[in-house]
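# Chain and residue survey
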Amino acid sequence: MHSFTGSTATGKRIAAGSAEGLKRVTLELGGNDPAIVLEDVDVRETAKAIFGNAFLNAGQVCLAVKRAYVHADIYDAMCAELATLAQAAIVGDGLEQGTQIGPIQNAAQYEKVKGFLDAARADGTIVAGGQAIERAGYFIAPTIVRDVTDGMKIVDEEQFGPILPVIKFDDVEDVVARANASDYGLGGSVWSANVERAAAIAARIESGQVWVNQHIAIGPHIPMAGFKQSGLGVEQAEEGLAEYSQLQVINIKR
């Protein structure tokens, strides 16, 4: 049994290497997790929640919000609130009191994230952040990018860093299709004052876990699985434990 959490590219290599011996695999891989924000939300409170779940661990969380689809009626207000939060965030050493956002984990990923900043500048409007911080270590200012859409690198690829693209929509059918167009399907969320409406939309999102008015609400008792190229098998809960067991049937006739 091979169990792996990491990138989709590495997961594919592990699956290929496991094939010769028919080793079973559990793979929790990449994600490009959408948050769909409907027009009836409290913009300020929802912005706080979206920001916290996008920039947790400097965005280096597989289930973090990686792209926010915001209804046209509140798009400008939401972008402004997110920008305010990003500008006020304290970036620094996690051992220092008051730090909210730490560094990128390694040099290679730091360079990759800077490439996403270049893409953001080329294709969208950066309303907060947008640059590396000149200090020892791999620090990136929390970045909010607006006026972007599907088909752009900053939206279609997983940044795995402190960058959040905000995409405008005005039709629910369209935004569900856009959210599902990704090769990934790890997590996602829908935000609305109407929980029933949000839950109905959430049921149409092709992801292993979809939350309503929250994000990254996980626990050891809740199964976690990925659709499409976000993984194979299940982690956590009884279903996750079953991945490590072998079914045997003993059939007796007397």
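It should be emphasised that the depicted structure is a prediction, and the values quoted were computed from it without experimental measurement.

## Details of the pattern of salt bridges
- Evaluation of the coordinates by the stated rule reveals 14 salt bridges.
- Note that Arg178 is salt-bridged to Asp174, the shortest N-O span being 2.9 Å. Linking Arg178 with Asp174, this pair stays in helix H6 (residues 172-180), spanning four residues, or about one helical turn.
- Judged by its relative accessible area of 15%, Arg178 is buried.
- A salt bridge links Glu206 to Lys228; its shortest N-O distance comes to 3.3 Å. With Glu206 in the loop between helix H7 (195-202) and strand E10 (209-212) and Lys228 in strand E12 (residues 227-228), this residue pair connects regions lying 22 residues apart in the sequence.
- Put simply, Asp33, Lys66 and Glu158 are held in one network by salt bridges that share partners.

## Details of helix H3 (residues 75-88)
- Its 14 residues place the ends of H3 20 Å apart at the C-alpha level, agreeing with the 20 Å of an ideal helix rising 1.5 Å per residue.
- As for H3, its buried residues are in contact with strand E3 (34-37), helix H2 (43-54), strand E4 (67-71), strand E5 (125-128), strand E6 (143-148) and strand E7 (163-169).

## With respect to unusual backbone geometry
- We note that Asn57 has phi near 55°; this positive angle belongs to a residue other than glycine.
- For Lys228, which is not glycine, the phi torsion reads 50° and is therefore positive.
- A residue is classified by how much of its surface remains accessible, and Lys228, at 38% relative accessible area, is partly exposed.

So, how was this worked out
- Residues numbered from 1 in each chain as written.
- Predicted model: local features only at pLDDT ≥ 70, side-chain atom pairs only at ≥ 80, totals over all residues.
- Heavy atoms only, no water.
- Salt bridge = Lys/Arg side-chain N within 4 Å of Asp/Glu carboxyl O.
- Helix = DSSP H or I, 4+ residues; strand = E, 2+ residues; numbered from the N terminus.
- Buried < 20%, exposed > 50% of the residue type's maximum accessible area, 1.4 Å probe, protein only.
- Expected span 1.5 Å × (residues − 1).
- Contact = heavy atoms within 4.5 Å.

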